[in-house]
Amino acid sequence: MITIIQLVLNPKEYKEVPLQKILARYLKIDEKRITSFRIIRKSIDARKPEIKIVLRIEVTVDEIKNTNISNVAFQPKLPLKNGNVIIVGMGPAGLFASLQLLARGIKPIIIEQGNDVHQRKRDIALMYRTNTVNEISNYCFGEGGAGTFSDGKLYSRSVKRGNIEWFLQTLVQAGASDTILYESHPHIGSDKLPIIIENIRKWILNAGGEIYFSCQMTDLIIENDECKGITVNTKDKIYADAVILASGHSSRYVYDVLFHKGLSLQPKGFAVGVRLEHKQDLINLMQYHGSSYIKYLPPAEYAIVEQINGRGVYSFCMCPGGSIVPAMTEKETIVVNGMSSSKRNSPFANSGFVVEIRTEDIAQQATATDMLSFQHELEKNAFKQANDGLKAPAQRVIDFLHNKVSTSLPKTSYIPGVVSSPFHEWLPLLLREKLTMAFQRIQKRMPLFINDDVLMIGIESRTSSPVRIPRNENTFEHVQIKHLYPCGEGAGYAGGITSSALDGINVANAVYIE
Ligand SMILES: Cc1cc2nc3c(=O)[nH]c(=O)nc-3n(C[C@H](O)[C@H](O)[C@H](O)COP(=O)(O)OP(=O)(O)OC[C@H]3O[C@@H](n4cnc5c(N)ncnc54)[C@H](O)[C@@H]3O)c2cc1C
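Parameters at a glance
- Residues numbered from 1 in each chain as written.
- Predicted model: local features only at pLDDT ≥ 70, side-chain atom pairs only at ≥ 80, totals over all residues.
- Heavy atoms only, no water.
- Domains from an automatic or database assignment.
- Contact = heavy atoms within 4.5 Å.
- Buried area = accessible area lost by both parts, 1.4 Å probe.
- Salt bridge = Lys/Arg side-chain N within 4 Å of Asp/Glu carboxyl O.
- Polar contact = N/O pair within 3.5 Å; in protein donor to acceptor, adjacent residues only side chain to side chain.
- Helix = DSSP H or I, 4+ residues; strand = E, 2+ residues; numbered from the N terminus.
- Near = heavy atom within 4 Å.
- Areas by Shrake-Rupley, 256 points an atom, 1.4 Å probe, with all protein chains shown as cover.
- Nonpolar A, V, L, I, M, F, W, Y, C, P; charged D, E, K, R; others polar.
- Buried < 20%, exposed > 50% of the residue type's maximum accessible area, 1.4 Å probe, protein only.
- Pairing = 2+ DSSP bridges.
- Axes fitted to C-alpha atoms, helices over the stretch in contact; angles between N-to-C directions.
- Expected span 1.5 Å × (residues − 1).
- Core = buried A, V, L, I, M, F, W, Y, C linked by side-chain atoms within 4.5 Å.

Student: Any chance you could explain the domain arrangement of the protein chain here in plain terms?
Tutor: Interface size is often expressed as the accessible area that is lost when the parts come together. Domain annotation for the protein chain reports domain 1 (2-63), domain 2 (84-264 + 469-510) and domain 3 (267-460). On a C-alpha basis, the centres of domain 2 and domain 3 stand 27 Å from each other. Taken together, the contact between domain 2 and domain 3 spans 27 residues of the former and 29 residues of the latter. When domain 2 packs against domain 3, the two sides together hide about 2,300 Å² of surface, and 54% of this comes from carbon and sulfur. The interface formed by domain 2 and domain 3 contains three salt bridges. Arg252 serves as the salt-bridge partner of Glu330, at 2.7 Å between the closest nitrogen and oxygen. Applying the counting rule to domain 2 against domain 3 returns 15 residue pairs in polar contact (both at pLDDT 80 or more). For the side of domain 2 that touches domain 3, the elements supplying multiple residues, two or more each, are helix H4 (117-130) and helix H7 (252-260).

Student: Is there a simple way to think about the site of the ligand in this case?
Tutor: Around the ligand, the surrounding shell holds 37 residues, and the nearest of these are Glu112, Ala146, Met217, Glu489 and Ile497. Gly142 is positioned such that a nitrogen or oxygen atom in its backbone is 3.1 Å from an oxygen atom of the ligand. Within the backbone of Asp151, a nitrogen or oxygen atom sits 3.2 Å from a nitrogen atom of the ligand. Taken by itself the ligand offers 1,000 Å² of open surface, and the protein chains cover 95% of this. Of all elements in the fold, only helix H3 (92-103), strand E16 (336-340) and helix H14 (497-510) reach the threshold of two or more residues within the shell around the ligand. Per-class residue counts for the shell around the ligand are 16 nonpolar, 17 polar and four charged. Shared between two domains, the shell around the ligand holds at least three residues of each, these being domain 2 (84-264 + 469-510) and domain 3 (267-460).

Student: Would you mind showing me how to read the side chain of Ser251 here?
Tutor: Position of Ser251 relative to the elements: it lies in the loop between strand E10 (242-245) and H7. Taking the relative accessible area as the measure of exposure, Ser251 reaches 6% and is therefore buried. Every residue in contact with Ser251, bar those within four places of it in the chain, is listed here: Gln113 and Phe141.

Student: Where do I start with the sheet that holds strand E8 (residues 226-232) in this structure?
Tutor: Paired through their backbone hydrogen bonds, the strands of a sheet run either parallel or antiparallel. Taking strand neighbours across the sheet as the criterion, the three strands line up as E7-E8-E9 in an open arrangement whose pairing is antiparallel. Edge strands, defined here as strands with exactly one partner in the open sheet, are strand E7 (217-223) and strand E9 (236-239). For this sheet, the mean inter-axis angle between neighbouring strands, taken without regard to orientation, is 30°. As judged from the four bridges shared by E8 and E9, these two strands associate in the antiparallel manner. Bridging across to E9, Ile230 finds its partner in Ile238.

Student: I tried to follow the pairing of E7 on my own but got confused; where do I start?
Tutor: For a regular strand, side-chain orientation follows a simple rule: the groups alternate between the two sheet faces. As paired strands, E7 and E8 are joined by six bridges and run antiparallel to one another. The partner of Leu220 across the bridge, within E8, is Ile230. Between E7 and the antiparallel strand that follows it, E8, lie two residues; Asn224 among them carries a positive phi value of about 50°.

Student: Just to check I follow, could you spell out helix H6 (residues 193-206) for this structure?
Tutor: Structural remark: α-helix, 3.6 residues per turn; residues separated by three or four positions point the same way. Given a rise of 1.5 Å per residue, 14 residues ought to cover 20 Å, and the 20 Å separating the end C-alpha atoms of H6 matches this to within 8%. All buried positions along H6 are accounted for by Leu193, Pro194, Ile196, Ile197, Glu198, Ile200, Arg201, Trp203 and Ile204. Where H6 is buried, its residues meet H3, strand E5 (107-111), H4, helix H5 (164-173) and strand E6 (210-212).

Student: Whenever I open this one, the environment of Ala327 confuses me. Can you help?
Tutor: One can find Ala327 in the loop between strand E15 (322-326) and E16. Ala327 sits 189 residues away from Asn138 along the chain, and the two C-alpha atoms are 7.4 Å apart. With near-sequence residues (within four places) excluded, Ala327 lies in contact with Tyr139, Cys140, Val335, Val336, Asn337 and Arg462.

Student: Teacher, can you tell me more about the nonpolar core here?
Tutor: Looking at soluble globular proteins, one finds that nonpolar side chains tend to be buried together. Counting residues in each nonpolar core, the largest one holds 83 residues, and the members touching the most others are Phe353, Phe439 and Phe449. In contact with Phe439, other than residues within four places in its own chain, are Leu276, Phe353, Val397, Phe400, Leu401, Ile450 and Met456. Among the nonpolar cores identified, the runner-up in size contains 44 residues, and Ala246, Ala508, Val511 and Ile513 belong to it.

Pasting the structure below:
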């Protein structure tokens, strides 16, 4: 007998009592009769002080359950000489496009400007030591793209985009904990992601794919409105049946290449703001209402959305027990982002806190270039405020609300260090106003959230792409150029790891080879 049950447990019981025992008690049967069980969904209900763990579990009693073959995720196949496809960029979109091409018997040739994960770790360590950005190997560029040292939150559950289960199972097969299959807020952690990415790389190579690191696409080869291949490192040409452009949203260089080729780019709304940093203990206290079960619960999260005069102002990419990292890709700019390890055990909690930006905010007929320039100017301005390598401008939120320069700053997880800066003076008016109004509102509703020690660090400007590379809805090809497939976050069709990976799969399925 296979049965699905819903259990509501207190956090202590969930942590300390074996689930098999609890299930047997619930079903009023001997424990030995339970041959297997599988958690389908786990969430924490923290709306009231009596915090509950809510579980949906499939339990098998008195029989051996057949393993469903479709549960097996990626089974590499050798390319069947069905053609070659170049993939520019080895982020989640490029990686999952490669796997899907292999599944179709098509050989992927991945071109990645950054280094492999091992060298990338060294490059990042050197970046901290020298206080300077490496422009091709950093938190955004290199094997695994921006996904490698990301927080690894996989919250997207929108099944409209594709087969999320398959995506998650593939990650588990590559080494992720199987908890991502049932947690309501699945999270991998930046310490675990590199090995997962490395395993996927091995599958691709073993299945006959090719991967080139330190190899930058510098041009597209276009003849008679058809993409025939790419130029790399400004000299060598590689030809293929199709090119998937999965270069992420941090590579302004790629947008320049398209622009200079006369290919259309569209302006797109996005969001910018700051990163907020709290002490994790405070967030636990607030979200778990001082519950006595705190020690049995994971570091608490929050999600805040305010509508300020019809405009979204919201928390973004919250990292409980995490740190703020320098995520810029160009010298003399500052961009911050957040990450956490699988254990989420830092004493800090951070989150982007961003304002929705519409194209008409920038100019009445804003172009893609206008949007990119707005984003770039903010990042350059953030650098000017601190003017010291990777150091970032920062201000106490309370001081920001009182138009006051912070004379001291609380401790932060941002390793390069912060410099006191008057955000109330230099942030564009739209951001200043909307952030102020949102903070004031939150202060009334959640006074603890805006306490003396809450720090804002800038600038959070890479939430999603400010441009879109237009593609045909049915064929997924660029609207002007055949065999060129814009893909993932940089093309404006995804935001985050899951949706980028799913877009990669969808594009790989759409690639047409004559
Ligand atoms: C610190 C941090 C934390 C994050 N945390 C999360 C999170 O918890 N959850 C989540 O969903 N998202 C998170 N993100 C965002 C997520 O990583 C991105 O949305 C996702 O990686 C986008 O995937 P992509 O494949 O479209 O592009 P990318 O991951 O940006 O990959 C693009 C790749 O293309 C390469 N490339 C660019 N131009 C060229 C060229 N000319 N030639 C060759 N190669 C090129 C780049 O080097 C890069 O490796 C985080 C990002 C950062 C930086």
